[in-house]
Amino acid sequence: MIQIAPSILSADFARLAACAKEAIEGGAALLHVDVMDGHFVPNITIGPPVVASLRKAVASEIPLDCHLMIENPDQYIPAFADAGADWISVHQETCIHLHRTLQHIKSRGLQAGVVINPATPIGTLTEVLDMVDYVLVMTVNPGFGGQKFIPSCLEKIRKLAAIKSTIGTGFKIEVDGGISLDNVAEVVRAGGEILVAGNAVFGSGDVKTNTERLLLRGREASLVQV
Ligand code: DX5
Ligand code: ZN
C-alpha cells in the first residue's frame, strides 16, 4: 500500500491547518512533521506546541508522523507523545542507546521508527529491524526542504526491501527527501511505501491536486512489474 506523507515543513505556517486539510483531501494518509534543533541539523523548526495545535486541527485518524532531527531525542519523546504525536522516528546517528530509545517510544503506545542519513549504511539497523514499525531512509541530507534527491540512496531502499522480504518482519519503508512526480515511481519500484513530500506538495500549485498526482503516480508504479 503506497501512502503519501506531506511534510508540513514546506507549508505556509500561518495557514498550517488549512494546508494540512488540503493535503488530506488529496489523499494524504499521514502528516510528516520535521522537528529540527539547530544542533543535529543546521536548521530550527518546530516543537511540541505546534504538534498539539495540529492534533486538534486535523482528524484523529490522520497520524502525525514526527521525524526528530534532534540531539538527545529521549529527553523530548514524552513532550511529543503528550502533544499528540502518533509516530515518532529517531535518527540512528543521534542515539547511543538506540534500542532503549525505540523501547521508550513504544512504551508510550506509539509507532516507533528509525531514520538513517544518506551516508549511514542499512547494516547499522540489523539489530533493531524486528522492533521498529518503520524505517525512514533519507534521500537528502536532513535539514532543509526543497533539496535534490540523492539517486545513490535508491540502492539502500532496494537493500532494505530485500531484507524485509527475507526476514518477513512487518516494518514499513518510508522515504524522505526530494521526492517529486519525476522520481516517485523509481522510489516505489525500489521498495518505498510511505513517501514523504514537502516541496512537491506545498511548494507551488494546488496542494490537493499535487497530493493526488503523487499518490496516483506512486500507486501506478506499485502495480507495474519491471
Ligand atoms: C529534510 C526533511 C524532509 C524534507 C522533505 O530534513 O526531513 O522531510 O523537508 O521535503 P522535500 O520533499 O521538499 O525534500
Ligand atoms: Zn522528514
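Bear in mind the structure is a predicted one, so any value in this text is a computation, not a measurement.

Thresholds, definitions, all that
- Residues numbered from 1 in each chain as written.
- Chains lettered and ligands numbered in written order.
- Predicted model: local features only at pLDDT ≥ 70, side-chain atom pairs only at ≥ 80, totals over all residues.
- Heavy atoms only, no water.
- Helix = DSSP H or I, 4+ residues; strand = E, 2+ residues; numbered from the N terminus.
- Donors = N, O, S within 2.8 Å, 3.2 Å for Na, K, Ca; no water.
- Tetrahedral: all angles 85-135°; square planar, octahedral: opposite > 155°, others 65-115°.
- Buried < 20%, exposed > 50% of the residue type's maximum accessible area, 1.4 Å probe, protein only.
- 1 Å grid on protein atoms, 1.4 Å probe; cavity = no way out; pocket = protein on both sides within 12 Å on 5 of 7 lines; lining within 4 Å.
- Points joined across faces, edges and corners; volume = space filled by probe spheres on them.
- Salt bridge = Lys/Arg side-chain N within 4 Å of Asp/Glu carboxyl O.
- Near = heavy atom within 4 Å.
- Polar contact = N/O pair within 3.5 Å; in protein donor to acceptor, adjacent residues only side chain to side chain.
- Areas by Shrake-Rupley, 256 points an atom, 1.4 Å probe, with all protein chains shown as cover.
- Pairing = 2+ DSSP bridges.
- Right-handed = clockwise from strand over helix to strand, strands pointing away.

Student: Got a minute to help me understand unusual backbone geometry in this structure?
Tutor: Comment: phi is negative for the bulk of residues other than glycine, and the bulk of peptide bonds are trans. Unusually for a residue other than glycine, Asn72 sits at a positive phi of about 50 degrees. In this structure, Asn72 sits in the loop between strand 3 (64-69) and helix 3 (73-83).

Student: I keep staring at the coordination of the zinc ion (ligand 2) and nothing clicks. Help me out?
Tutor: Geometry reference: four tetrahedral donors at a metal, ideal angle 109.5 degrees. Six octahedral donors, ideal angles 90 or 180 degrees. For the zinc ion (ligand 2), the full set of protein donor atoms is His32 (NE2), Asp34 (OD), His67 (ND1) and Asp176 (OD), at a range of 2.0 to 2.3 Å. Each of the six donor atoms around the zinc ion (ligand 2) contributes to a set of angles spanning 70 to 169 degrees, which defines the coordination as octahedral. Spacing between the donor residues of the zinc ion (ligand 2) along the chain follows H-x1-D-x32-H-x108-D. Remark: Asp176 occurs in strand 7 (residues 172-176) and His32 occurs in strand 2 (residues 31-36); sequence separation between them is 144 residues. The burial state of His32 is the same as that of Asp176; both residues are buried.

Student: What am I meant to see in the layout of surface pockets here?
Tutor: Remark: the empty space left among the atoms is shown by a probe the size of a water molecule rolled over them. Here the largest pocket defines a volume of roughly 260 Å³. Together, 24 residues line the largest pocket, and Phe144, Gly145, Gly146, Gly177 and Gly178 are the ones closest to its centre. Of all the secondary structure elements, the ones that give two or more residues to the lining of the largest pocket are strand 2, strand 8 (194-197) and helix 7 (199-203).

Student: Explain the pattern of salt bridges to me, please; I cannot follow it from the model alone.
Tutor: Side chains bearing opposite charge may pair, as long as their charged atoms lie close to each other. In total, this model carries seven salt bridges according to the counting rule given. The closest approach of N and O atoms between Glu155 and Arg158, which form a salt bridge, is 2.7 Å. Placement of both Glu155 and Arg158 in helix 5 (residues 153-167) is noted, with a separation of three residues, approximately one turn of the helix. The partly exposed category is assigned to Glu155, whose relative accessible area is 41%. Judged by relative accessible area, Arg158 falls into the partly exposed class, the value being 38%. Across the pair Lys208 and Glu212 runs a salt bridge, and its minimum N-O distance is 3.3 Å.

Student: I tried to follow the site of ligand 1 on my own but got confused; where do I start?
Tutor: Around ligand 1, a shell composed of 20 residues is seen, among which Asp34, Gly143, Gly146, Asp176 and Gly198 lie nearest. The contact in question runs from an oxygen atom of ligand 1 to an N or O atom on the side chain of His32, over 3.4 Å. In the environment of ligand 1, an oxygen atom lies 2.7 Å from a nitrogen or oxygen atom belonging to the side chain of Asp176. When ligand 1 is considered free in solution it has 370 Å² of accessible area, and contact with the protein chains removes 99% of it.

Student: I tried to follow the pairing of strand 3 on my own but got confused; where do I start?
Tutor: Note on strand geometry: in a regular strand, side chains alternate between the two faces of the sheet. For strand 3, a buried count of six out of six residues is recorded, marking the element as mostly surrounded by other parts of the structure. Burial along strand 3 is two-sided: Leu64, Cys66 and Leu68 facing one way and Asp65, His67 and Met69 facing the other are all buried. Two elements, strand 2 and strand 3, share six bridges in a ladder whose sense is parallel. By the bridge assignment, Leu31 is partnered in strand 3 with Leu64. Read from strand 2 through helix 2 (residues 48-57) to strand 3, the crossover connection turns out right-handed. Relative to strand 4 (residues 87-91), strand 3 runs parallel, the two being bridged by four bridges. Following the sheet pairing, Asp65 is matched in strand 4 by Trp87. After leaving strand 3, the chain enters helix 3 and then returns to the sheet as strand 4, a path that is right-handed.

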